[in-house]
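Understanding the architecture of this molecule
Chain residues, written in single-letter form:
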Amino acid sequence: MTDPYHAESLAQGGRYLSSGLLADYRRSPRLAWQRLVRAYSPPDSDARLIGRALHCYALEGPTVFAERYDISGGPVNERTGAPFGAATQAFAAWAEGIRLRGLEPLTLKQAAVVAELAASLHGHAVIGPMIRDAQPEQICRATVEGVECQCRADGVLDGTLLELKTCDALDRFE
């Protein structure tokens, strides 16, 4: 299901330019063009999955999180008693079944990382109250020098835009 933000993105046939498409253009105008003609979709990664799950849990709450994610961790290998790894065929088959139910699957490790990060954010003296009181996932649109643009703020609180960033390596965070 496409959400209203992505549905109106130029990369999805909509009318609004987004920072993601601009970032692709900076990397390669050809890459941006491929996204516009839908010949390319950026690959998913563990960091992106954890980032999406963290945004959902921390900003929209555990109820919405439970509606979108399966945190059971996948099938268990009867021989070892441990869950199958995310790179195994057994996990892939299980994950596909979860996706068919409209949920995004998380491994136990991924779910633990999300829970730990969310607890850290909510426990912070300054950030915690801001996240709890903000209106999550707010779409902002404007025309800038004749170009229709949009962004989706992770939260809005008293006119302040909140943006939560995750990355898999701090030295790659710009």
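Everything discussed here concerns the structure shown above.
Reference entry: report on the structure contained in this document. Keep in mind that what you see is a predicted model, and the values were worked out from it rather than measured.

**Focus: unusual backbone geometry**
- A positive phi angle is found at Glu 145, which is not glycine, with a value near 50°.
- Within the fold, Glu 145 resides in the loop between strand 3 (135–144) and strand 4 (147–157).
- On the basis of relative accessibility, which here comes to 82%, the residue Glu 145 falls in the exposed class.
- Its identity as a non-glycine residue notwithstanding, Asp 158 has a phi of 50°, on the positive side.
- Structurally, Asp 158 is set in the loop between strand 4 and strand 5 (160–162).
- Take Asp 158: its relative accessible area is 76%, and that puts it in the exposed class.

**Quick look at the nonpolar core**
- The biggest cluster of nonpolar side chains holds 9 residues, and these are Leu 49, Ile 50, Ala 53, Cys 56, Phe 65, Tyr 69, Leu 106, Ala 111 and Val 114.
- At the level of elements, helix 4 (46–60) and helix 7 (108–123) are the ones that each hand at least two residues to this core.
- Ranked by the residues each element gives to this core, the list is headed by helix 4, at 4 residues.
- Leu 54, Leu 59, Ala 118 and Leu 121 belong to the second-largest nonpolar core, a separate cluster that totals 7 residues.

**Side note on the side chain of Asp 70**
- Here Asp 70 lies in strand 1 (residues 69–70).
- Reaching out from Asp 70, the side chain makes a polar contact with the side chain of Ser 72 at a distance of 2.6 Å.
- Dropping the residues within four chain positions of it, Asp 70 is found in contact with Trp 94, Ile 98, Arg 101, Leu 103, Glu 104, Pro 105 and Leu 106.

**With respect to the sheet that holds strand 5**
- If you trace the 3 strands from one edge of the open sheet to the other, you get 3-4-5, paired in antiparallel fashion. Where the open sheet ends on each side, the last strands, each with one partner, are strand 3 and strand 5. With direction set aside, neighbouring strand axes in the sheet form an average angle of 55°.
- Pairing of strand 4 with strand 5 involves 3 bridges; the strand directions are antiparallel. If you follow Val 156 over to strand 5, its bridge partner there is Leu 161.
- Strands strand 3 and strand 4 of the sheet are contacted by helix 4, whose axis makes an angle of about 110° with strand 3.

Cut-offs used in this document
- Residues numbered from 1 in each chain as written.
- Predicted model: local features only at pLDDT ≥ 70, side-chain atom pairs only at ≥ 80, totals over all residues.
- Heavy atoms only, no water.
- Helix = DSSP H or I, 4+ residues; strand = E, 2+ residues; numbered from the N terminus.
- Buried < 20%, exposed > 50% of the residue type's maximum accessible area, 1.4 Å probe, protein only.
- Core = buried A, V, L, I, M, F, W, Y, C linked by side-chain atoms within 4.5 Å.
- Polar contact = N/O pair within 3.5 Å; in protein donor to acceptor, adjacent residues only side chain to side chain.
- Contact = heavy atoms within 4.5 Å.
- Pairing = 2+ DSSP bridges.
- Axes fitted to C-alpha atoms, helices over the stretch in contact; angles between N-to-C directions.

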